[in-house]
Amino acid sequence: MNALFLPTLLAGLLVGSASLAQTAPAAASGPAAAELPALPVTDTPAPASKVPEPQVLHVVTEDDNVRIEELRVRGLTQRITVHPKIPGMPAYDIVPPQGGKLPQDDKSAGQRVWLKLDF
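Residues numbered from 1 in each chain as written. Predicted model: local features only at pLDDT ≥ 70, side-chain atom pairs only at ≥ 80, totals over all residues. Heavy atoms only, no water.

Novice: What is the right way to read the sheet that holds strand β3 (residues 76-84) from this model?
Specialist: Sheet strands pair via backbone hydrogen bonds, and the direction of the pair is either parallel or antiparallel. Spatially, five strands are ordered β1-β2-β3-β4-β5 in an open sheet, and the strand pairing comes out antiparallel. At either margin of the open sheet sits one strand with a lone partner, and together these are β1 (56-62) and β5 (112-114). Neighbour to neighbour, the strand axes of the sheet diverge by 20° on average, direction disregarded. (Pairing = 2+ DSSP bridges. Helix = DSSP H or I, 4+ residues; strand = E, 2+ residues; numbered from the N terminus. Axes fitted to C-alpha atoms, helices over the stretch in contact; angles between N-to-C directions.)

Novice: Is there a simple way to explain the side chain of Thr81 in this structure?
Specialist: Inspection of the secondary structure assignment puts Thr81 in strand β3. A polar contact of 2.9 Å, which involves the side chain of Thr81, links it to the side chain of Asp93. (Polar contact = N/O pair within 3.5 Å; in protein donor to acceptor, adjacent residues only side chain to side chain.)

Novice: Explanation requested: unusual backbone geometry in the structure shown.
Specialist: Only a minority of non-glycine residues have a phi that is not negative, and only a minority of peptide bonds are not trans. The backbone of Arg74 sits at a positive phi, close to 55°, despite the residue not being glycine. By the element assignment, Arg74 lies in the loop between β2 (66-73) and β3.

Novice: I'm lost on the pairing of β3 in this one. Help?
Specialist: Sheet topology places β2 next to β3; eight bridges connect them, and they run antiparallel. Its bridge partner being in β3, Arg67 is matched across the sheet by His83. Counted along the chain from β2 to the antiparallel partner β3, the turn is two residues long, and its residue Arg74 has a positive phi close to 55°. Examined bridge by bridge, β3 and strand β4 (residues 92-94) share three bridges and lie antiparallel to one another. Considered in β4, the bridge of Thr81 is made with Asp93.

Novice: What is the right way to look at the side chain of Glu70 in this model?
Specialist: Here Glu70 lies in strand β2. Judged by its relative accessible area of 16%, Glu70 falls in the buried class. Within the structure, the side chain of Glu70 is placed 2.9 Å from the side chain of Arg72, a separation counted as a polar contact. Excluding residues within four positions of it along the chain, Glu70 makes contact with Leu57, His58, Val59, Thr77, Arg79 and Ile80. (Buried < 20%, exposed > 50% of the residue type's maximum accessible area, 1.4 Å probe, protein only. Contact = heavy atoms within 4.5 Å.)

Written out as structure tokens, the structure is:
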């Protein structure tokens, strides 16, 4: 009896799965597919980024002879500009130390860079 039952069962499963595969796409493309509800439109803003904005600090130090502007981003000095108040003396930058380098290995730190082009 088992020898006759097993092939009949397998044939029935194959026929049943074939008929489901043929009817499934037809049902999705019929009039029921056009009646799907539309998603609601919301005016909520996008979620805020998990990365905070960097802290930018612009420090200006001034005395009778010179004005020094320093730009710090996330606590690291990015730019130092010196504006002498002596007539005819041009402004210049001082190269800040690079992050990740030891002071004795960073030979360009503290050097003056003259600003040739000013926009």
